[in-house]
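Spelled out from the first residue to the last, the chains are:
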Amino acid sequence: MLQLDLLIAVPALAAVACAIAGRVLPSFPKWIALLALLAQAALMFALAPVGLYSGARIEGALWGAFGSMWSTSLDGLSTPLMLLTIFIGLAAVIVSWDVKDRPGAFFALLLALQAALTAVFIADNLVLFYVGWESVLIPMYFIIGGWGSSNRRHAATKYLLYSFAAGAIMLFGVILAIAESGGTARISEITAASAGMSTPSLVFWLFTIAFLVKIPAVPFHTWLPDAHTEAPTAGSIVLAGVLLKMGGYGLMRIAVPFAPSAFGQARIALMVLGLVGIVYGAAMALVQTDLKRLVAYSSVSHMGFVILAIAVATPDAMGAALVAMVSHGFVAGLLFLLVGSLYARTHTRELSRFGGLGRVMPIWGVAFPFGALASLGLPGLSGFPGEFATVLESFRAFGWWTAFGTIGLVLAAAYNLRAVRSSVQGPVGEFTSLPDLGVRETSLVVAFSVGIVALGIQPMLLLNVAEKALLSLSKVAGGGM
Amino acid sequence: MSAVLLLSLQIGPALIGALFALAFDAFDRRATAVASAAIGLLISGGFGLWAGVTAAGATAFDVLRVGGAFSTVPGLIAILAAVALVGGWNEFVGRPGGGSSAALVGLAAVASAAVAQSFDLLMLIVALETAAAAGYALVADARTRRADESAVKYFVQGAIATGLLVMGLAVLVGGFVPSGSYGELAAVFEKPSMPLAALAGALLILAALAFKSSLVPFHSWAPDAYETARPEVAAFLAAGPKLGAMGAMALFMMLVASGPLADRIIVVMAVIAGLSVIVGSLGALRQRTYTRMLGYAGVAQAGYALIGALVLNPAVAVFFAATYAIATTGTFLAATAFRQVRPGWDGSIQGLTGMGRRHRVLAVSVTLLLVSLAGIPPLLGFWGKFQVFAGAITLSGQMFIVSGNALMGWTYALLAVAGIVGSVVSLTYYGSVLQALFLEDSLDLQKDDADESFDVEAHSGDSPATRVVALTALAVFVLGLVPLFLGASSLILPFTVR
């Protein structure tokens, strides 16, 4: 299917168009970006008739042959994340509609980022995957560094060095995996030949360390609070909404299937990392005084559930990981959108300076508690099914150790409700009149909310698409001990 | 096409152009002089690249090879020399003697190309010394006190390298290969029993080549020379001669590291490669001056190229060196462009603050070049590093598993680790330039407004330096996309040794 190749090509070419158009007319680039993302969405929906949404695996048409690195595929595992990427990308463009500072460069970077992310999710070639993975770095570096808030230089540099160091370790893994499987770089072929690897543990950890930095797991997470907090709103939305998912996707697509035996030995370690992330992230979120930093730390906690679920590796747990990732994309996207719009109006993120915003900004005052409830895992909203199933499955596999994870759930309720109490409720703080969310922001909030409710009530929407891929993945991984 | 004709087409136009440049310069027709040197180089370069893709390997006059890598590398060196001349057009044309400088660049390009083409020890020495002599003169050509000093330093250290080279030659030619031809050299080293004297001879010649490619411990001249030379001259000196020397080194390595002494030679050179990466990276981290930082970064980059040579696949080493040379020419020319748009620039990285906002094309181009040098995909530099590391890691696995040679296995594994750690560190020092260009703090912006030197900034769009920098950046970007579609070997093909 040529559509797959176009999925990468469209935003990439549009990025060039944006950079040029920005010099001609500053209002062009945002329209180009919007059209490019809508085109991406159309391409995805055009794949419905060939069975993408009932579990088929579809391969790209272009250049499959003669040693080319360009081979792409979409299956049940990548489709939900690809849809999420497009949704978040659209949200990022719309939320940046008013960017006045070098709009050509800004939207070009956003589109370059989109192309790179797309390449990560649909690559069927390890080198293309790596190229996409690393190509994310530079656009995000400049988005944070060029349009971020006060401490952006430090945050952008830290992000760049952390990610590049992790990527360099992965490059080792990429080369080793290709060498071990007789020179092929096709992800599907390496997976098929995984039994013949002579150093599976080395391959597994070289990849897994890079993925754990991206997710992020706790000892490797320190880039995240800075980057998320200092990034402009669009940057935060894409960072939390999609970039973190690269790590989870990498584990499920590459690390586990490439070296299932090593994964079997590493499961306990991954479980511990997941649990530590859940508790540590939640505890840190509880003590933040900066609202954006609070949301950032909550990401660490939520992604901890994803690591835990992958460590369990039953089909249900893998499904839970996928649902939790998509859910976190919606919830964190919504929360960063709301925090960003608040920051744009008040130029502060200090929780103590807010209060009574429910009365000052009624729409914001409804939307934020909704996002907080989704984040704390209220049944019926998208945060619930993924994390609940994770705890359940993990209890079956690891027993009472899972109890630590429930501490995270309790803390999630605490930090989310604390955020709501000190911003939305209580006496009106120093901001007595603020313009409420505009039409554009409100419609984005509605779109996010629809996603959150739909996934919360009917997670099978997503799991039906992914079922086949998840079953075969968990069979490879030897799920459930 | 006969080898002699091909060689004449590759070398002739550049030499004739250089001679014309000298003649025109004598009559102070500087623009004509620089133009004739550049045109000669471009024609030579075009023939070289064309022959690199199409021609079969052949030997001319028994001493110089053509075809494959032996045409591509000379072609690329000539093109990069022409790029430096065109990019530095205003500078070459704008001062007395600029035409003869251009002629020197042309001569240095021909000599550096001959270094890479040499298939004979005596030819290698003649070519290396010609390139070096032109290099000393070009550094001193900046006519500042510091440039004189570093030219003398370069010269003195170069003289020692020449000494090593002559001694190595004496050992090898006197003791083993009377004709000096590479073909016989390889046969000698493959014999099962080799006296250690041959090892010493090979290492002496490798040490001299290490000097030319600025490898540790023979590197200390390079940062000084590149910092004090005129940036448009350094743009060529840091790229062309290094590419030539790396080509010679990769070829020589393949010849001598084949017999019973192979392991010893490789271990010694591996230490040099590892040290170059470490010392170059640490040195670059400490620099505050843009061109000096690039000089130290070049030491680390030479280390990667040597890793490629140690993989014993000359194509990999030379391809990497080529990716380095293209980007490096651009980054040094950028210093020329910076000076043009900001005449008060003191050469420091900090002094580039705010360029991203004021001179966008230039700043974006430099960003692409530096990111390519750091080895981030999908730019050209990534594919060079990818090939080098892939070679080292694969060979390490083969040594461990197939040959059961743990020493060599660890050697290659550690080289790959050093290389990968080095490229992470490289992002710190290349990144410091990106920070200065784009990530200015509000504090810096206030300083900008207060700083009067900014008011006199010229518009960058119309200078040839900026255009040429943008062109090299475009090349690095577009060529980086090629392997994605046509396979990893597509760009290496012209660099194979035929």
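Quick look at the overall build of chain A now. Counting its secondary structure elements, chain A contains 20 helices and two strands. A globule of 481 residues ought to have a C-alpha radius of gyration of about 23 Å, and chain A, at 21 Å, matches this closely. In terms of principal-axis extent, the alpha carbons of chain A reach across some 65 × 60 × 40 Å. When each of the 481 residues of chain A is scored for burial, the buried share is 65%. Across chain A, contacts joining residues at least 24 apart in sequence account for 81% of those joining residues at least 6 apart.

The next subject is the overall build of chain B. Looking only at helices and strands, chain B features 21 helices and two strands. Over its C-alpha atoms chain B spans a radius of gyration of 22 Å, differing by no more than 12% from the 23 Å that the globule rule assigns to 498 residues. The buried share of chain B, taken over its 498 residues, is 64%. For chain B, the proportion of contacts with a sequence separation of at least 24, taken over those separated by at least 6, is 79%.

Residue proline 216 of chain A is reached from isoleucine 215 of chain A by a cis peptide bond, and omega for that bond is -5°. Within the secondary structure layout, proline 216 of chain A lies in the loop between α9 (200-214) and α10 (223-230). Unlike most non-glycine residues, arginine 143 of chain B shows phi in positive territory, near 55°. Structurally, arginine 143 of chain B can be placed in the loop between α6 (121-140) and α7 (145-175). We note that serine 214 of chain B has phi near 55°; this positive angle belongs to a residue other than glycine. Tracing the sequence through the fold places serine 214 of chain B in the loop between α9 (196-212) and α10 (221-228).

In this section: the interface of chain A and chain B. Across the contact, 31 residues belong to chain A and 28 residues belong to chain B. Going through the elements one at a time, α5 (126-135), α6 (137-147) and α7 (152-180) of chain A are the ones with two or more residues in the side of chain A that touches chain B. By residue number, the principal contributor to the side of chain A that touches chain B is α7 of chain A, which donates 14 residues.

Residues and elements named next belong to chain B. Between helix α17 (residues 360-374) and helix α19 (residues 406-438), the least distance of the axes is 9 Å, while the angle of their chain directions is 170°. Regarding the angle of α17 to α19, the classification is roughly antiparallel. Listed contacts from α19 to Ala363, Val366, Thr367, Leu370, Leu373 and Ala374 of α17 are Ser423, Ser426, Leu427, Tyr430, Val433, Leu434, Leu437 and Phe438. Partitioning the contact of α17 with α19 into residue classes produces eleven nonpolar, three polar and no charged.

Moving on, we get to the domain arrangement of chain B. Residues and elements named next belong to chain B. For chain B, the assigned domains are domain 1 (1-117) and domain 2 (216-495). On a C-alpha basis, the centres of domain 1 and domain 2 stand 23 Å from each other. Across the contact, 25 residues belong to domain 1 and 30 residues belong to domain 2. Contributing elements (two or more residues each) for the side of domain 1 that touches domain 2: α2 (30-54), α3 (69-87), α4 (89-93) and α5 (98-117). With eleven residues, α3 is the single largest residue contributor to the side of domain 1 that touches domain 2. For the side of domain 1 that touches domain 2, a count of residues per class yields 17 nonpolar, seven polar and one charged.

On to the packing of helix α13 (residues 291-312) of chain A against helix α17 (residues 383-398) of chain A, then. Residues and elements named next belong to chain A. The contact between α13 and α17 brings their axes to 9 Å, and the two run at 40°. Classified by the angle between their axes, α13 and α17 sit oblique to one another. Both α13 and α17 take part in a crossing whose hand is left-handed. Every residue of α17 that contacts α13 at Phe305, Leu308, Ala309 and Val312 is listed here: Gly386, Glu387, Thr390, Glu393, Ser394 and Ala397. Its residues assigned to classes, the contact of α13 with α17 shows five nonpolar, three polar and two charged.

As a further point, take the environment of phenylalanine 142 of chain A. Within the secondary structure, phenylalanine 142 of chain A is located in helix α6. For phenylalanine 142 of chain A, a count of 26 C-beta atoms within 10 Å corresponds to the buried category. For the pair formed by phenylalanine 142 of chain A and alanine 119 of chain A, sequence separation is 23 residues and the distance between their alpha carbons is 20 Å. Leave out the neighbours within four places in its chain, and phenylalanine 142 of chain A touches Leu109 of chain A together with Phe438 of chain B.

To continue, consider the confidence of the model for chain A. For chain A, the average pLDDT comes to 91, and 98% of its residues sit at 70 or higher. Per-element confidence in chain A ranges from a low mean pLDDT of 83 for strand β1 (residues 58-59) of chain A to a high of 96 for helix α3 (residues 78-95) of chain A.

The predicted coordinates ought not to be read in detail in places where the model reports low pLDDT. Summarising the model, chain B shows a mean pLDDT of 91, and 96% of its residues fall at 70 or more. For this predicted complex, the interface confidence score (ipTM) comes to 0.91, while the overall pTM stands at 0.94.

What follows is about the environment of leucine 171 of chain A. Assignment of secondary structure puts leucine 171 of chain A in helix α7. Classification of leucine 171 of chain A as buried rests on a count of 28 C-beta atoms within 10 Å. Sequence separation between leucine 171 of chain A and tyrosine 130 of chain A is 41 residues, and the spatial gap between their C-alpha atoms is 7.4 Å. The contact partners of leucine 171 of chain A, leaving out residues within four places of it in the chain, are Tyr130 of chain A together with Phe389 and Ile420 of chain B.

Let us now look at the environment of isoleucine 265 of chain B. Residue and element names in this part refer to chain B. You can see isoleucine 265 is positioned in helix α13 (residues 262-286). Taking C-alpha positions, isoleucine 265 is 7.3 Å from leucine 199, a pair spaced 66 residues apart along the chain. What isoleucine 265 contacts, discounting residues up to four positions off in sequence, is Leu199, Ala202, Leu203, Val256 and Ala257.

Here is what the cut-offs are and how they apply
Residues numbered from 1 in each chain as written. Chains lettered and ligands numbered in written order. Predicted model: local features only at pLDDT ≥ 70, side-chain atom pairs only at ≥ 80, totals over all residues. Helix = DSSP H or I, 4+ residues; strand = E, 2+ residues; numbered from the N terminus. Rg over C-alpha atoms; globule rule 2.2 N^0.38 Å. Buried ≥ 20, exposed ≤ 12 C-beta atoms within 10 Å, placed from the backbone. Contact = placed C-beta atoms within 7 Å. Axes fitted to C-alpha atoms, helices over the stretch in contact; angles between N-to-C directions. Parallel < 35°, antiparallel > 145°, perpendicular 65-115°, else oblique. Nonpolar A, V, L, I, M, F, W, Y, C, P; charged D, E, K, R; others polar. Domains from an automatic or database assignment. Left-handed = near helix turned anticlockwise from the far one by under 90°. pLDDT = per-residue confidence, 0-100.

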